[in-house]
Structure formats: structure tokens, C-alpha cells
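# Fold and contact review
Each chain, letter by letter, is given below.
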Amino acid sequence: MASMAWILTGSTHNPLQKWPTWVPSSTSGGLPWQPTPTNTPDNQRCFQPRPSINGLNYPAQSISNSLDWINLMAYDFYDPSWAKVTNSHAALYEPLGPIRGSYGVGSWIQAGVSPKKLVLGMPLYGYAWQLADTNNQGLLAPADGPVGSGNMAMRYGEILGFIAENKAATVYNGTIVSNYCYAGTTWIGYDGTQSISAKVSYIK
């Protein structure tokens, strides 16, 4: 039997396209299936952990029969290198659309994969946006890209240090299950103890 690491694709929102990749164990001898193309238009392809991604349909039943577990990459939905508003990059729920971890989990189960084989990926890092207006500090606030260079990913320990050093305000949003903090022009979305606890309860 093998395990699979699920590397998700970029969406039409993200110019940096990626393709799904699986990593079979050395004892599996390879997997007897390949993804097959679908006719999904480019403008309808979303960045989410689901069986149909970037025009490829995955044989869910064969995957379930062949693998011990499947790691769902239920994070990196957004980052400040391209998203022009602040957002959670690992929301469990999203009332306005399918870009959420729970949608991916439900899609795989509906497609025939045993829920006992699904592993919900949770990030131990967050992303820092530079706020365009310090009077607008919530979710979906206008932003001027990342703080610093690159996409400004921050380890959880670095986020805690930022909160302590800057006396940053911290917020837990139970609707989407995500944490964020802000101080001055810096806004950081991440998974804190509250969102991790809620996700652990969800997967039970």
C-alpha cells in the first residue's frame, strides 16, 4: 500500500500554476492509474482539495483502494504575493464559495474515498499582508501585497513573537475557522490554537 501527498493546483486567481502530484511509497511499485482530463473551463477551476482539479479527474475509488492514506493540502488557498485583500489561507469553511477545506474533504468522500484514509493538512505558518488602510483591519481588507519580500510566510513561533512585541490585536473567526492578528499596517492570517482545536474536532 502507498500514501499520497496531495499538492493542489493554482486557481485562475493565482498566476503561479501548480499541478497535482502524488508521492507513492517505495514499496508501492508505482500506482496503476493516472488522472484523466475533464472539460472544465479555465475560469471555473478553483484552488481547492477536490477530486477534479485543473481539468483532471482522479479515480477516487482506485485511489481509496490503493492507498493507506491521502494527505489533503487544505491550505495555501491565498497568499499576499497575488491576493489583493487579506484572507485566511486555510479556512475550514467559507460561506461565499467552495474554496475551503471542508469542501475538499466532502468532495473526496462523495467521490468514494473512505473518510478514514483522509488526512486534513493544517499549516504551522501564516502569511503577512500590508494593509492599505489601517482603519480597515478585518478579513477581506484591501492590501498592498506582502510585508517584505516574497509571499511573507511566517512560522507560528514568529507570529507569536510579532503579537508579543507589537501588542497586536488577535481575532478568531469561528465562521470560517481561522485566526488573524494585526498591528499598524501588518495583517497576518494563520491557524492558532482555536482554529487548530476546531479542525481537530471536525476531523474526529
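Residues numbered from 1 in each chain as written. Predicted model: local features only at pLDDT ≥ 70, side-chain atom pairs only at ≥ 80, totals over all residues. Heavy atoms only, no water.

Labelled according to an unreviewed UniProt entry, the protein appears under the name GH18 domain-containing protein, originating from Rhododendron simsii.

## Digging into the overall build of the protein
Our working definition: Secondary structure follows DSSP: runs of H or I at least 4 residues long count as helices, runs of E at least 2 residues long count as strands, and numbering of each begins at the N terminus. Any residue under 20% of the maximum accessible area for its type is buried, any over 50% is exposed, and the rest in between are partly exposed; the area is computed with a 1.4 Å probe on protein chains only. Whether two residues touch is decided by their heavy atoms; if any such pair falls within 4.5 Å, the residues are in contact. All accessible areas in this document rest on Shrake-Rupley with a 1.4 Å probe, and a residue is counted as covered only by the protein chains that are shown.
Helix and strand counts for the protein come out as four helices and twelve strands. Here the protein, with 204 residues, has 47% of them falling under the buried criterion. Restricting the contact set of the protein to residue pairs at least 6 apart, pairs at least 24 apart contribute 64%. If you sum the accessible surface of the protein, you get close to 9900 Å²; carbon and sulfur atoms cover 53% of it.

## Topic: the pattern of salt bridges
Just so we agree on the cut-off: Each salt bridge in this description consists of a side-chain nitrogen of Lys or Arg and a carboxyl oxygen of Asp or Glu lying within 4 Å of one another.
Tallying each qualifying case throughout the model produces two salt bridges. As a salt-bridge pair, R155 and E158 come within 3.8 Å of each other at their nearest N and O atoms. D191 serves as the salt-bridge partner of K199, at 2.6 Å between the closest nitrogen and oxygen. Taking the relative accessible area as the measure of exposure, K199 reaches 1% and is therefore buried.

## A word on helix α3 (residues 156–166)
Applicable threshold: To be clear, the arc concerns the directions from the helix axis to the C-beta atoms.
For α3, every residue scored as buried is listed here: I159, F162 and I163. The arc enclosing the buried residues of α3, seen along the axis, measures out at 95°, which places them on a common side. Opposite its buried face, α3 presents the exposed residues G157, A164 and E165, each directed more than 90 degrees away. Contact partners of the buried residues in α3: β7 (125–131), β9 (153–155), β10 (169–173), β11 (178–183) and β12 (186–190). At the C-terminal side of α3, K167 shows a positive phi close to 50°.

## Overview of unusual backbone geometry
With a phi angle near 50°, K167 is a residue other than glycine that sits in the positive phi range. The residue K167 is located in the loop between α3 and β10 in this model. Phi at V177 takes a positive value of approximately 65°, unusual for a residue other than glycine. With respect to the helices and strands, V177 occurs in the loop between β10 and β11. V177 gets classed as buried once you look at its relative accessible area, which sits at 3%.

## What about the layout of surface pockets?
As a reminder of what qualifies: Note on definitions: the grid is 1 Å and covers protein atoms alone; a cavity is a set of points where a 1.4 Å probe fits but cannot get out; a pocket is an open set with protein on both sides within 12 Å along at least five of seven lines; lining residues have an atom within 4 Å of a point. Grid points are joined across faces, edges and corners, and a volume is the space filled by probe spheres set on the points. Charged means Asp, Glu, Lys or Arg here, nonpolar means Ala, Val, Leu, Ile, Met, Phe, Trp, Tyr, Cys or Pro, and polar covers whatever is left, Gly included.
Taken as a whole, the largest pocket holds about 280 Å³ of empty space. The residue inventory of the lining of the largest pocket, partitioned by class, reads twelve nonpolar, two polar and one charged. If you add up the space inside the second largest pocket, you get close to 160 Å³. As for the second largest pocket, its lining consists of V105, I109, P115, L118, V119, L120, Y202 and I203.

## Considering the packing of aromatic side chains
Rules: Classification of ring pairs rests on two measures: the distance between centres of Phe, Tyr or Trp rings, Trp counted by its six-membered ring, which must be within 6.5 Å, and the angle between planes, read as stacked under 30 degrees, edge-to-face over 60 and tilted in between.
Summed over the entire model, instances satisfying the criterion amount to eight aromatic pairs. Here the aromatic rings of Y75 and Y125 are separated by 6.3 Å at their centres, their planes lie at 90°, and the arrangement is edge-to-face. With Y75 in the loop between β5 (67–72) and α2 (101–110) and Y125 in strand β7, this pair connects stretches of sequence that are 50 residues apart. A centroid spacing of 6.4 Å and a plane angle of 45° characterise the contact between Y156 and Y190, whose relative ring orientation is tilted. With Y156 in helix α3 and Y190 in strand β12, the pair connects residues that are 34 residues apart, well separated along the chain. The class of Y156 is partly exposed, set by a relative accessible area of 28%. Its relative accessible area of 6% is what places Y190 among the buried residues.

## Here we look at the nonpolar core
Counted only if it meets this: Remark: nonpolar core denotes a set of buried residues (Ala, Val, Leu, Ile, Met, Phe, Trp, Tyr, Cys) joined through side-chain atoms within 4.5 Å.
Ranked by size, the top nonpolar core spans 26 residues in total, and within it I70, Y78, W108, L118 and W129 carry the most contacts. If you look at the next biggest cluster of nonpolar residues, it comprises ten residues, including M154, F162, I188 and Y190.

## Considerations on the environment of D76
Quick reminder of the rule: Pairs of N or O atoms within 3.5 Å make up the polar contacts considered here, provided that, within protein, one atom can donate a hydrogen while the other can accept it, and that residues adjacent in sequence are counted only when both atoms are side-chain atoms.
Take D76: it is sitting in the loop between β5 and α2. Put simply, D76 and A91 are 15 residues apart on the chain and 9.5 Å apart in space, counted from C-alpha to C-alpha. A polar side-chain atom of D76 sits 2.8 Å from a polar atom in the side chain of Y125. A distance of 2.8 Å separates the side chain of D76 from the side chain of Y127, its partner in a polar contact.

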